[in-house]
Amino acid sequence: MTEKILFIVFAALAVAGGIGTITRKNVVHALLVLVFVFLNVAAIFFLTQAYFLAVVQILVYAGAIMVLFVFVIMLLNLRTFEQEEQTHRRQRWIALALSILVLAEFVIVLAGITFTSARGGFTPEVISAAGGGTKVFGDALFNNMLLPFEVASVVLLVAMVGAIILVKREKTAGATTRVWEPGERPTPEALEEEV
Amino acid sequence: MGGTPADMAIPVDWYLYLSAALFIVGAAGMLIRRNLFIVLFSLELMLNAVNINLVGFSRFHENLAGQNFVLFVMAIAAAEAAVGLAIATALFRNRQTLMVDLFDRMKG
């Protein structure tokens, strides 16, 4: 019963934080609210007894990935875009209506389904008898999923090389870039001249 | 909920509802907002919704493959964040803006 109450609380906070993320004007505020969402999701992992994943969620998501975002936001020296329009003028209401429609579809479909457990055998008792969740998790990862694990490391390497190549500043002689004032919308003509 | 393990405190449906709600919030953010960073944040929200589903079903089916898969989703999310931010940096350097609807140079 306690777990159910905690789940509802964390779930409500996570969804509220998600809505907060997509409604903030300031990017840094949105980022902080997103970290809050990730912490709530980590709490839900804890409630599901996925302790290792909960810690990884905090370390990797709330720690590493979000710090990467913060670094880039600071490095780019972003002027605040708060004066500019934040939403697509033509599609925002259609998008909102479609999102609510899809959510309603999800709820209707889920309300009519009963799931049957496959009983894979890894109950909490079995896991704690086998040496704890992290040990069992590692055993499964490095036995059944060794090849995907290695492929994931290659994907990370490719992403790293790709990120370096994309950001590397190319040597351009005397190219001047126009700087727009905050709130000023670049006109199509100005964008064409830029090339 | 005839098939729920007796020791599972939270019904598996709840994970699905939460996951659906978070995913839809992310999708809505992606479709509505113009700022490239907010679009990337929405992507992270959607990936997290998928992770909640995987963990919930991993517990429900008493199978650890779901938990293992979450680790891969996180790895891909990290790779996607790195490349996405690199693209954002390059775009901002060239165009001095981050509003996605202004990046329409390739529109025919």
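Each value, and the rule that gives it
- Residues numbered from 1 in each chain as written.
- Chains lettered and ligands numbered in written order.
- Predicted model: local features only at pLDDT ≥ 70, side-chain atom pairs only at ≥ 80, totals over all residues.
- Helix = DSSP H or I, 4+ residues; strand = E, 2+ residues; numbered from the N terminus.
- Buried ≥ 20, exposed ≤ 12 C-beta atoms within 10 Å, placed from the backbone.
- Contact = placed C-beta atoms within 7 Å.
- Rg over C-alpha atoms; globule rule 2.2 N^0.38 Å.
- Expected span 1.5 Å × (residues − 1).
- Nonpolar A, V, L, I, M, F, W, Y, C, P; charged D, E, K, R; others polar.
- Axes fitted to C-alpha atoms, helices over the stretch in contact; angles between N-to-C directions.
- Parallel < 35°, antiparallel > 145°, perpendicular 65-115°, else oblique.
- Left-handed = near helix turned anticlockwise from the far one by under 90°.
- Domains from an automatic or database assignment.
- Core = buried A, V, L, I, M, F, W, Y, C linked by C-beta atoms within 7 Å.

## Details of the overall build of chain A
Part 1 of the reasoning: Of regular secondary structure, chain A possesses eight helices and zero strands.
Part 2 of the reasoning: Counting from the amino terminus, chain A carries its helices and strands in the arrangement α-α-α-α-α-α-α-α.
Part 3 of the reasoning: For chain A, the proportion of its 195 residues judged to be buried stands at 21%.
Part 4 of the reasoning: Sequence separation of at least 24 residues holds for 52% of the intrachain contacts in chain A that already meet a minimum separation of 6.

## Concerning the overall build of chain B
Part 1 of the reasoning: Broken down by element type, chain B carries three helices and zero strands.
Part 2 of the reasoning: Listing every helix and strand of chain B by position from the N terminus yields α-α-α.
Part 3 of the reasoning: Computed over the C-alpha atoms, the radius of gyration of chain B is 18 Å, more than 25% above the 13 Å expected from 2.2 N^0.38 for a compact globule of 108 residues.
Part 4 of the reasoning: Viewed in the frame of its principal axes, chain B has a C-alpha envelope of about 60 × 25 × 25 Å.
Part 5 of the reasoning: Within chain B, buried positions represent 57% of all 108 residues.
Part 6 of the reasoning: Counting only contacts in chain B whose residues sit at least 6 apart along the sequence, the fraction spanning at least 24 positions is 46%.

## Focus: helix α3 (residues 65-95) of chain B
Part 1 of the reasoning: Over its 31 residues, α3(B) runs 44 Å from end to end, which matches the ideal 45 Å to within 8%, given 1.5 Å per residue.
Part 2 of the reasoning: Where α3(B) ends, the next residue or the one after it, B:Q96, has phi of about 60 degrees, a positive value.

## Some details on helix α2 (residues 27-47) of chain A
For an α-helix, 3.6 residues make a turn, and residues three or four places apart therefore share a direction.
Part 1 of the reasoning: Given a rise of 1.5 Å per residue, 21 residues ought to cover 30 Å, and the 30 Å separating the end C-alpha atoms of α2(A) matches this to within 8%.
Part 2 of the reasoning: Where α2(A) ends, the next residue or the one after it, A:Q49, has phi of about 65 degrees, a positive value.

## Overview of the interface of chain A and chain B
Part 1 of the reasoning: Facing 82 residues of chain A, the contacting portion of chain B comprises 72 residues.
Part 2 of the reasoning: Looking at the side of chain A that touches chain B, the elements that each hand over two or more residues are α1 (2-23), α2, α3 (51-75), α4 (92-111), α6 (133-144) and α7 (146-167) of chain A.
Part 3 of the reasoning: Here the residues of the side of chain A that touches chain B sort into 57 nonpolar, 18 polar and seven charged.

## Here we look at the packing of α4(A) against helix α1 (residues 12-32) of chain B
Part 1 of the reasoning: Where α4(A) meets α1(B), the axes come as close as 9 Å, and the angle between the chain directions of the two elements is 165 degrees. Between α4(A) and α1(B), the interaxial angle falls into the category roughly antiparallel. In the packing of α4(A) onto α1(B), the handedness of the crossing is right-handed. Between α4(A) and α1(B), the residues in contact are A:R92, A:A95, A:L96, A:S99, A:V102, A:L103, A:F106, A:V107 and A:L110 and B:D13, B:L16, B:Y17, B:A20, B:A21, B:I24, B:A27, B:A28, B:L31 and B:I32, respectively.

## A few points about the environment of A:L32
Residues and elements named next belong to chain A.
Part 1 of the reasoning: Position of L32 among the secondary structure elements: in helix α2.
Part 2 of the reasoning: Taking the C-beta count within 10 Å as the criterion, L32 has 16 such neighbours and is therefore assigned partly exposed.
Part 3 of the reasoning: Each C-alpha atom, one on L32 and one on A62, is 9.4 Å from the other, the two residues being 30 residues apart in sequence.

## Some remarks on the domain arrangement of chain A
Part 1 of the reasoning: As far as domains go, chain A holds domain 1 (1-79) and domain 2 (123-168).
Part 2 of the reasoning: Taking only C-alpha atoms, the centre of domain 1 of chain A and the centre of domain 2 of chain A are 21 Å apart.

## Observations regarding the nonpolar core
Generally speaking, nonpolar side chains in soluble globular proteins are found buried as a group.
Part 1 of the reasoning: Ranked by internal contacts, the top residues of the largest apolar core, which has 73 residues, are A:I44 and B:L22.
Part 2 of the reasoning: Sorting the residues of this core by element identifies α1, α2, α3, α6 and α7 of chain A together with α1, α2 (36-60) and α3 of chain B as the ones contributing at least two each.
Part 3 of the reasoning: Each of domain 1 (1-79) and domain 2 (123-168) of chain A gives at least three residues to this core.
Part 4 of the reasoning: Filtering out sequence-adjacent residues up to four positions away, B:L22 remains in contact with A:A14, A:V15, A:G18, B:L45, B:N48, B:A49 and B:I52.

## Here's the deal with unusual backbone geometry
Part 1 of the reasoning: The backbone of A:Q49 shows a phi angle near 65 degrees, a positive value even though the residue is not glycine.
Part 2 of the reasoning: Considering the arrangement of structural elements, one finds A:Q49 in the loop between α2 and α3.

## Section: the environment of A:G120
Part 1 of the reasoning: Mapped onto the secondary structure, A:G120 falls in the loop between α4 and α5 (124-129).
Part 2 of the reasoning: Dropping the residues within four chain positions of it, A:G120 is found in contact with B:H61, B:E62 and B:N63.

## Quick notes on the packing of α1(A) against α1(B)
Part 1 of the reasoning: Running from N to C, α1(A) and α1(B) cross one another at 5 degrees; their axes reach a closest spacing of 9 Å. When the interaxial angle is binned, α1(A) and α1(B) end up roughly parallel. Where α1(A) abuts α1(B), its residues A:F7, A:A11, A:A14, A:V15, A:G18, A:I19, A:T21 and A:I22 lie against B:W14, B:L18, B:A21, B:L22, B:V25, B:G26, B:A28, B:G29 and B:I32.
Part 2 of the reasoning: Of the residues contributing to the contact of α1(A) with α1(B), the split by class is 13 nonpolar, four polar and no charged.

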